[in-house]
Amino acid sequence: MVSALAGKSYKCATDEAYQTCSQGTTSVQVLIGTQPRPAVLSMQTSGAAAEATTKLSELAPQVLETAHVNPRGQITDWLKQQQGKTAGTMKAGIWAVEFSTETETEQPGAILTLTDTTCKVNCGAE
């Protein structure tokens, strides 16, 4: 997953329990582990909430495809419906999906986090 993002001009580095790949105002964090697919995948875009949510909606399909996340269509359709909202959660297949925006911080933006609900060991950052 990380090598695929690096091949798409993302700059990747390890940050404690995650590998973070950044490009411009977007970043993708992948939980490091021995699982066959990432147990936690998080996408972030910076900027005003509405603009960041739009960017996140554009970023998500390619990242979900790269990570082999399904049902990605259901997730991306739901994400588009979050425009104008500050937070939301859903379950799609084996994935717990959480959307949120940050406005009162030094780095405002939008965040989409997916957690594999079938993961049993080393499924989150300590």
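For this particular structure, what's the right way to read the pattern of salt bridges?
Any two side chains of opposite charge can pair, on the condition that their charged atoms come close. Inspection of the entire model under this criterion finds one salt bridge. Where Glu51 meets Lys55, a salt bridge forms, and the shortest distance between an N and an O atom there is 3.5 Å. Taken together, the positions of Glu51 and Lys55, both in helix α2 (residues 49-66) and four residues apart, correspond to about one turn of that helix. The exposure class assigned to Glu51 is partly exposed, which follows from its relative accessible area of 47%.

How should the state of the cysteines be read in this particular structure?
Covalent bonding between the sulfur atoms of two cysteines defines a disulfide. Considering all chains together, one arrives at two disulfides under this definition. One disulfide in the model links Cys12 with Cys21; its S-S distance is 2.1 Å. Between Cys12 and Cys21, the S-S dihedral sits near 115°, and the bridge is therefore right-handed. Covalently, Cys119 is tied to Cys123 through a disulfide, its sulfur atoms 2.1 Å apart. Torsion about the S-S bond of the Cys119 and Cys123 cystine: about -90°, corresponding to left-handed handedness. With its bonded cysteines labelled in order along the sequence, the chain shows the pairing 1-2, 3-4.

Parameters at a glance
- Residues numbered from 1 in each chain as written.
- Predicted model: local features only at pLDDT ≥ 70, side-chain atom pairs only at ≥ 80, totals over all residues.
- Heavy atoms only, no water.
- Salt bridge = Lys/Arg side-chain N within 4 Å of Asp/Glu carboxyl O.
- Helix = DSSP H or I, 4+ residues; strand = E, 2+ residues; numbered from the N terminus.
- Buried < 20%, exposed > 50% of the residue type's maximum accessible area, 1.4 Å probe, protein only.
- Disulfide = S-S within 2.5 Å.

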